[in-house]
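Okay, here's what each chain looks like letter by letter:
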Amino acid sequence: MVLPSWSIGGAVVNGTGGRWALGTLILTHLIAYNETGGPGTMISMAIAAVFAIFSGVCKSSVKSLQIYYIRTTHRADFFCLFLSKWMDILALFSACAVLVRTLSSSLDAMTGGLARMYILGRNSPANEPWPDVIGVVVIFLLSGMFMLGLENTKIFSFLMVSGVMALTTVIGVVAGLRGNFELFTSEAILPKGVVGLLSGAALASFSFSNDLLNGNYCKRLLGLAVILAVLLSNELIGACLTAVIKFSASHDYEAVPMLSILENKDFHKAIAAVACLLVLTCSGALLELFPEMFYQIVQLATSDWKILAKQIGYENRDSGSPILAVFTGGSLCAMLAFACPMENLTYILAASHLMAAFLRAFYLLYIPFRPQYMEQQNESSLAYSRLNTTPKPVPSQSTSMKSKKSVWFFRKPSTASLAHHMLPNNRANKNGSREEHEREWLLLGEPPSPKAPDSPPNVESTILSDQVSDIECIALAKPENTDSDEDSSTDIDAIVDEYRQKVKVSAAGPLDNNTLRLPSAGSWKLTMVFIALILTGSVLTSLGLMVWETNAIIVGVNLVFIPSAILMLFPKYDQTTSTTPATLTCTVALLGSAILYSASFLQSWPALLLWFVAGLFLFIRCDTWCCLCLERPPSTQTLIASVSGTRTTIRLPRPPKGSIIPSRIAGHS
């Protein structure tokens, strides 16, 4: 199923409009009414927009990664990326539940509060209804429509945008008619202190999409413009709410502040109309966020992730919808909307979104400094032997099959880009198969076979050490003036001399230490120490802001930025990968997510812990029984059968955990 999207030049990705509607009409009102007041809301929105820019740069870099390659080589990296996606799914669950809660209260307000009484058979609080039967019915209806093939179109997006603009106009009119603009000077900026300001920024962070800063330079500029437009609309709502609401830290939590504002300002006749607009807007936002949610579930069942069973991604032949993923996502959203109050849902939404950003920033912070290959000290990574020049006996059928199988399994685990060779194919004689094996040995067996004693002393050979990361073997031209009658007397030394003249072997790696510095095992160990200091400083800064301890804040900030500045001097791989963000960008995103997460930790940690344990069990099951990602080929592979019956082998020791060994041996099949 192809996700529908409403884009402007391809930069406004699917779900951006739903996040904007959720942030402008729900999260902004909740922050102003329950967290920090109108002036604090405006400051919180600015902090959330700055954080969204840094986290968006990190997420755009993660999108360019090869998940399949990471899954088969680095289990720790894959687990970190999986947890970030897992937390994104929880954030989408919570966002859909928040929209459904608001929609349920709006439907009840349209009937004057009679709908809930008719359904439950009793009166219930208008603010936080429980159980929310209307919300569960709405989610099941929406899930059924998506199972039948419902797709979001531009009409729904247009209706959602129209609803947001109409409701913004209503708030502006109420502020102009009944607002008190003296509250701009008399209202406290931080009525709940720094904690309230940070909690407001944490709740507002979801309204800014992290997928906007992806693509080329023009698309990133357009995505930045979209973030600024969302910030401007939220600031306008915050300014109107400042003139309408007088913040009080002692009032009860208000789930739908807009309806309460209309009632307090004596706009009773407009409540039903505003409730209809809220239903329309929330429905349009659901039509964007709900498909994004079950699309994330489908991604976990693809060949890149292999976390969930592939049956989850089954698409109905008639509707084209992944019905199992829709049913699973709808059921989980219904449970959240049924049981969780609005206050808990918003904090779970903020905490899961921030935790996903934290994990992505942490991954991108350390990955450029880790060496792709860590040298083995006690064991050589390559062993070779010279071929015999005597005629080779005809191998038996079983020997031939075993040799082919060994060559196949030797080449199978290669996932990096292999070198492409152009071998001369104008030799056709009775000894062609032997020469083909010899040619394979010359190209496969880097370094080339040892030169004979009578070889000239100036013969150049490229000897690969364990520190070389990538090898590209390029055959520039095929041999000329080759006589097929003389091929029978050509031995391995003549072929060595021929390929020495015709083939140029270039090694891409740390051959010139003056121009390129690559990470080593020693620099990686020191990098781990500095990254641990950065994490410690982030936690210390967060705790200092929560209790407002100046000394802890100063020490924490120093522990974050001083090691980050030192890490910029370390050798890393960002010289060759332009998609990797700068170390300072990852550090700021890491620190910002840690600070904002600490403001929503107390109200959300049980839900996040439960969700983390569920994801951990899924990951362990996938790692052990499902996809068998840890299965590796044997360390010894048979390449060519020699005359004496022994086999020439290349021994590849098992790589250390967490290291990447690129393909350094390429063959011609």
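The rules behind each value
Residues numbered from 1 in each chain as written. Predicted model: local features only at pLDDT ≥ 70, side-chain atom pairs only at ≥ 80, totals over all residues. Heavy atoms only, no water. Helix = DSSP H or I, 4+ residues; strand = E, 2+ residues; numbered from the N terminus. Buried < 20%, exposed > 50% of the residue type's maximum accessible area, 1.4 Å probe, protein only. Areas by Shrake-Rupley, 256 points an atom, 1.4 Å probe, with all protein chains shown as cover. Axes fitted to C-alpha atoms, helices over the stretch in contact; angles between N-to-C directions. Parallel < 35°, antiparallel > 145°, perpendicular 65-115°, else oblique. Left-handed = near helix turned anticlockwise from the far one by under 90°. Contact = heavy atoms within 4.5 Å. Nonpolar A, V, L, I, M, F, W, Y, C, P; charged D, E, K, R; others polar. Salt bridge = Lys/Arg side-chain N within 4 Å of Asp/Glu carboxyl O.

Caption draft 1: Looking closely at the overall build of the protein. A count of helices and strands for the protein gives 21 helices and 4 strands. In the protein, which comprises 669 residues, the proportion classed as buried is 51%. A total of about 31,300 Å² of accessible surface is found on the protein, and carbon and sulfur atoms cover 62% of it.

Caption draft 2: Structural context of the packing of helix α12 (residues 271-299) against helix α13 (residues 323-339). Between α12 and α13, the shortest axis-to-axis distance is 9 Å and the interhelical angle comes to 120 degrees. As summarised for this structure, α12 and α13 are arranged oblique, according to the angle between their axes. Of the two elements, α12 crosses α13, and the hand of that crossing is right-handed. Counted together, F290, M293, F294, I297 and V298 of α12 and A325, V326, G329, G330 and C333 of α13 form the full contact between these two elements. Classifying every residue of the contact of α12 with α13 gives 8 nonpolar, 2 polar and no charged.

Caption draft 3: A look at the pattern of salt bridges. Here the structure, examined in full by the defined rule, presents 6 salt bridges. R19 is paired through a salt bridge with E292; the nearest N and O atoms lie 3.1 Å apart. Placement of R19 in helix α1 (residues 16-35) and of E292 in helix α12 is noted, with a sequence separation of 273 residues between them. The exposure class of R19 is buried, given its relative accessible area of 6%. For E292, a relative accessible area of 7% translates into the label buried. Of the charged contacts in the structure, one is a salt bridge between K59 and D211, with a shortest N-O distance of 3.3 Å. Placement of K59 in helix α2 (residues 37-63) and of D211 in the loop between α9 (193-204) and α10 (217-244) is noted, with a sequence separation of 152 residues between them.

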